[in-house]
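Structural characterization, general
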Amino acid sequence: MTSRVKVSDEPLSPSGRLFLRPEMDTIIHCALGVEYAMDVEAVKTTIRNSLMLKHPRFCSLLVHDKNGLEHWRRTEVDLDKHILVVENPAEATNNDGSDIEKIVNDYIAGLSVSCPLSLDKPLWEVHIMWEPPCAVFRFHHALGDGIDLMSILLGSCRKVEDPEAVPILDIGGSRKNRKGSFRKLWFQRGVLMGFLKMVLYTLNILMGFLKVVLYSLFFYLEMVLRSLWVRDRKTVISGGEGVELWPREVVTAHLLIEDMKVVKKAIANATINDVLLGMISAGFSKYLDHRSPNSLKKNQRITGVATVNLRKQLGLEDLTKMIESNSRARKGNKFGIILLPIYYAKDVEPLQHVKRAKATLDLKKKSLEGYFSYKVADLAITLLGCKFVSSFNYRIHSNCSYVISNVVGPKEKLTIAGNPIKYVRVNVTGLPQAVSMHMVSYAGQADMQIVVAKDIIPDPKFFAKCIENSLLEMKEAALAAVKLGG
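Residues numbered from 1 in each chain as written. Predicted model: local features only at pLDDT ≥ 70, side-chain atom pairs only at ≥ 80, totals over all residues. Heavy atoms only, no water.

- In the nomenclature of an unreviewed UniProt entry, the chain corresponds to Diacylglycerol O-acyltransferase from the organism Hevea brasiliensis.
- Its UniProt record gives the chain the following Sequence similarities (unreviewed entry) comment, quoted word for word: "In the N-terminal section; belongs to the long-chain O-acyltransferase family." (UniProt positions renumbered as here; feature names shortened; annotations may be inferred.)

Considering the confidence of the model for the chain
- Predicted confidence across the chain gives a mean pLDDT of 83, with 85% of residues reaching 70 or more.
- Predicted confidence for residues 92-98 stays below pLDDT 50, and this span has 7 contacts to residues more than four positions away or in other chains. (pLDDT = per-residue confidence, 0-100. Contact = heavy atoms within 4.5 Å.)

Some points on the nonpolar core
- Of all hydrophobic cores here, the largest spans 52 residues; its most connected members are Ile280, Tyr402, Met437, Met448 and Ile450.
- Examining the composition of this core, we find that 9 residues originate from one element, helix H9 (residues 272-291), more than from any other.
- Setting aside chain neighbours within four positions, we find Tyr402 in contact with Leu277, Ile280, Phe284, Ile302, Thr303, Gly304, Val305, Leu340, Ile342, Gln433, Val435 and Met437.
- Core analysis: the second largest hydrophobic core is formed by 48 residues, Ile47, Val126, Leu149 and Val428 among them. (Core = buried A, V, L, I, M, F, W, Y, C linked by side-chain atoms within 4.5 Å. Buried < 20%, exposed > 50% of the residue type's maximum accessible area, 1.4 Å probe, protein only. Helix = DSSP H or I, 4+ residues; strand = E, 2+ residues; numbered from the N terminus.)

Side note on the sheet that holds strand S2 (residues 27-34)
- Taken in spatial order, the 7 strands of this open sheet run S5-S6-S7-S2-S14-S13-S8, and their pairing is mixed. Two strands close off the open sheet at either side, each with one partner strand: strand S5 (83-86) and strand S8 (157-159). Strand-to-strand twist of the sheet, defined as the mean angle between neighbouring strand axes without regard to direction, takes the value 35°.
- Pairing between strand S13 (residues 414-416) and strand S14 (residues 419-429): 2 bridges, direction antiparallel. Bridging from a neighbouring strand, Ile416 pairs with Asn419 of S14. (Pairing = 2+ DSSP bridges. Axes fitted to C-alpha atoms, helices over the stretch in contact; angles between N-to-C directions.)

Notes on the packing of H9 against helix H11 (residues 350-365)
- Interhelical geometry of H9 versus H11 gives an angle of 125° and a closest axis separation of 8 Å. As the angle between them shows, H9 and H11 are arranged oblique. Relative to H11, the crossing made by H9 is right-handed. Contact residues: H9 offers Asn273, Asp274, Val275, Leu277, Gly278, Ser281, Ala282 and Ser285, while H11 offers His353, Val354, Ala357, Lys358 and Leu361. (Parallel < 35°, antiparallel > 145°, perpendicular 65-115°, else oblique. Left-handed = near helix turned anticlockwise from the far one by under 90°.)

Listed below in structure tokens is the structure:
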């Protein structure tokens, strides 16, 4: 029997409550492939001394009060109930044991639809596989958002080059310091010229603010319409209501960060996310042209859903201090969603996909669509209840064609329980789209887990190959463009 710790119950965050609704019951899987067979006792010791068991969510049961509202209740954690040993996962594959990647992916696919997390313990598990050696971490999305969960998981890891050092996450650059901008304007070519420049500077800020407001309203209105009747035209990749319950298949697209950087450099002011979205656009176009040639119109829209992190990503040291201080500022989910349209395009130059993706993302950056979606949902849960907002969110997903996420992982090689990590792969299950794609970078690699409803997409390996080939074609085009320009 699990014993209770004498700490007052704490209500779930609004987003956390959404992920517990039956139609949006979402679980995150993270597979850490390792070099050698895992020592279960070493894994238990590592987790026992890690951030995971210091974080209140990982030590809390999900309970309901007399009004039916969900709360977290602190409890003692029995690691024997959370760390499970998988004896023979190869039975779920082609039985020859040769396709190691397929063994892990098939095991995760089986967990996706048939193994919900038990409510008689905190909502996480670790599945230890002997062959191939791998640890599959399962976290319910109600525990937190992907950024926090990745930070907490990597807090259990150490650097290969320094076994005592925790990983350094790429938090991103800080904003430019604009202090003194107005003062500098006054001293450029005299007071009058400075005054005119200050007026233009102020007008530019006001125009920028007006654009943010207009783009935010436009994009959020589009999201509202998606929750009502607007949806993508039917294609061979379309999912919909109830598809989250269909059998899944998981495959991996293997990418290199260096290849993506080559493409990024060929297009002015492009980012890795621009390249990623362009690669998805090209990959879908290839796949749809193969599955249903001549059935799609040129520039037919295919809409995806992406999550946007709405708070600063902390380093592991800062996160540790915040957890130890029992701060509530970091607990729960805090992210919004945005719609990401791509367009079917046949026989176009590879870099055109990236340029169009960049134009789309540049407009999204000028809006507060993600922030609006979070704040409106937060307010609506308070006023209208979780059931209404969950239905609204579910309808948006059902009327879109895919899900995409991208998490920046550590740049250096890591170990867990002294065992070198070969790859880090993440996916999310419980969504009504027929295809979802989740990319995580690790030590120069960028593995994309592709989760499909296999009755709708029967050949996901071919789809993964379309993604991989699209990046290689973009790289070749980028190198050719640089050579021509040089």
